[in-house]
Amino acid sequence: MTSRSSRLLLLFLLMAASSCRSDEAVYTNDVILENYPKIAAFIVARDASALLEFADHADADVRSLSWRALAKSPISRPDSLVELVISVNEHAAWFGLSTHELSEKSKQRFRNVIRANPNRYMHACEVLKRQGEEPDLVLLLETLAELQDPGLCSAAAGAVLASVDVSDTTAHTAINAAFADNRPEVRRNLLYGIYRTPLNRPSIGSDAWNRLSDAWADHGIGREPATDQYMVGILGSEGATRFTEHVSFPGDVNDQQLTAEVIRSIDFSDYSRSLVKKLLSDKHPPVVTETLERLQHADTLDGPLSELIYENQVQLSRDAAVFVTAFELLMDHGRDLTPLAEKLAFMYDENPYLTNRFLTIYRDYEPLGAFLDRVERAFHSGGIRGLHAAQVLTEVWMGREDDALKDDVRRILYDAAEAGNASVVSGLSALLADEHLVRENDLDWLADRYQDAVASDNRTAAATFKQALETRFPDQHGELAEPDALPFKTPDWERLYALGTRPYWHLQTEKGEIVIQLDPISAPFTVSSIDSLTRAGAYNNVAFHRVIQNFVAQGGDVGRGDGFGGPGYRLPTEPSIRSFERGAVGIASSGTDTEGSQYFMMHQWKPHLDADYTLFGDVVRGLEVMDRLQVGDMVKKASISIH
């Protein structure tokens, strides 16, 4: 019996081992070793001619990589590629051409192929998404019903609505199409175009506005969160009122993005205390914070509500963003908060990413000398605290600019400039160019600060001092040596291949775990960098320095931690044909090929980011954790797993 059990166990282990080997064969991709290294140099060089040589490669992943790289590479005559793109007719090819300015003749050619066979050439909508005009919107609306997969073309129609002022007739046609089509994706995409910008939004009380409101009611308020969110945003306070009349709010609303939109649209000048109490007791701190921020628009806070906020959001709350927002609100309404001085000091010490807001409070609470001492201590800390302190000091000076303050600010400015902390110096850029603080005989002093920064490879400080010299002393300074450009990081191709096509990035945050499936086939440079930084521990104990509710949570500044740092190298932009839907994860950028270590996660769909940012993964677990993130929350540990 024992021998038989042993044989069964051995057979099971052999089957398991065989399964692992099979998984490796299925989930690795040879193009990473065989083809991607050949293309990589041309991507970095932005060599369009060389990239085009891969455009007809036998492997679809190689073709896609080359076309997507062309989207960010200069092309001398993009119109010359029109017939090639039509004949290839692949999504990535249309995408690669869509970012380059085309002649009216070429755009008319695309309109003709779409009109002739919209299902075959639906990816031509990539061009109309970025270069479309009113005739293109009309064409798109006419063909939507014929499309088996209307996602891209309806998104293109929404993009035109958001960027081009069209006639009332065309705008009305788009609104009618949104509610006539029974596909939620089409409705979302068309309404987003009206929601995003006011260009084609009906004026309040107009016939078009009333028809839009009635169409929403006929469709069913409360049926689709995206439709409800965009309609509330389009109709404003009236939309929020209509929504709360039809839906038990916030009780029956489980969509945090919709909740935030309703809160932003409610007229808090005439608020319902019972509704506010419900919102302030919400389990999601960002909802509470949003409510407190909106209450700042109320003319007065009645006594019971003021007391409720004092007790729950100021005295008892452990969430720093909730605390500071409530503190600001009550302070603005004249509440005596001196009994909370000790908690205020504790929260200030423990939450550097809210330094700017705490210092603004201290600016009004402390004598000027004590406040300036606090600013100087923050400068010594550097990082995000030093950056925020510099920004607040700038606000204080710009608001007063008097002789009583000048000597103190000038001394603090000079000491900070000579210390050369990158975060602090970058926050002082306006003061360094101020003629009241930097005098005529300070030219050599400022030039020396620039040279010191260049010599120490302090690029941020060097850029700030250079800007100050050019602003304060135009045509008076000598030749300014430029620091060398940051190098590109080349992927470790062997390691990238070993990761397979579905590695996972685990972020253990203070609010819970977020798991991101990475996409090394679409973004090999980026995923390789994420992997190497993660294995080095660089992402551990790095904060989310930027959180904008209903938009993004951004972190990953492994260099400075203040949102302006990076890993000491750069990555090429790797645009994706996929859109930035909820849960998509991208790399922050200040322009083509400037990417580093900072990443962002999408709270909801934002198509205006498409083609300009690298999309390298998707949140597959922990969306609810992402929604709870606040500024300053930490990634305690990051790791990679291979499946």
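Below or above, wherever it landed, is the structure these notes cover.

Basis of the calculations
Each chain carries its own residue numbering, running from 1 in the written order of its sequence. Local features are withheld for residues below a pLDDT of 70 in this predicted model, meaning they are given only at 70 or higher, and side-chain atom pairs are given and counted only at 80 or more; totals for whole chains, interfaces and linings count all residues. As a rule here, side-chain values cover all heavy atoms of the structure and leave hydrogens and water aside. Here, strands pair whenever DSSP counts at least two bridges between them. Put simply, DSSP marks the helices as runs of H or I at least four residues long and the strands as runs of E at least two long, and each gets a number from the N terminus on. Under this scheme, a helix contributes an axis fitted over its contacting stretch, all axes are lines through C-alpha atoms, and angles between N-to-C directions fall in the 0 to 180 degree range. Using protein atoms alone on a 1 Å grid, points that fit a 1.4 Å probe yet trap it form a cavity, whereas open point sets bounded by protein on both sides within 12 Å along at least five of seven lines form a pocket; residues with an atom within 4 Å of a point count as lining. Grid points are joined across faces, edges and corners, and a volume is the space filled by probe spheres set on the points. Residue polarity is assigned by list, with Asp, Glu, Lys and Arg as charged and Ala, Val, Leu, Ile, Met, Phe, Trp, Tyr, Cys and Pro as nonpolar; anything else, Gly included, falls into the polar class.

The next thing to look at is the sheet that holds strand S2 (residues 512-518). The antiparallel closed barrel is built from eight strands, whose spatial order is S1-S2-S7-S5-S6-S4-S3-S8. Sheet twist, expressed as the average angle between the axes of neighbouring strands with direction ignored, equals 35°. Two strands pair when backbone bridges link them, and strand S3 (residues 542-548) and strand S4 (residues 552-555) are joined in this way by four bridges, in the antiparallel orientation. What sits directly across from Phe544, in S4, is Gly555.

Within this model, the largest pocket holds a volume of roughly 1100 Å³. The wall of the largest pocket is formed by 44 residues, among which Thr460, Arg560, Phe564, Gly565 and Gly566 lie closest to the centre. Mapped onto the lining of the largest pocket, the elements with two or more residues apiece are helix H25 (383-400), helix H27 (422-427), helix H30 (459-472) and S3. Sorting elements by how many residues they give to the lining of the largest pocket places H30 first, with seven residues. Across the lining of the largest pocket, the residue classes break down as 13 nonpolar, 20 polar and 11 charged. Here the second largest pocket defines a volume of roughly 420 Å³. Lining the second largest pocket we find 20 residues, and of these Arg318, Ala320, Glu350, Asn351 and Glu510 sit closest to its centre. Only helix H21 (320-332) and helix H22 (341-350) provide two or more residues apiece to the lining of the second largest pocket. With four residues, the top contributor of residues to the lining of the second largest pocket is H22. Taken together, the residues of the lining of the second largest pocket break down into nine nonpolar, four polar and seven charged.

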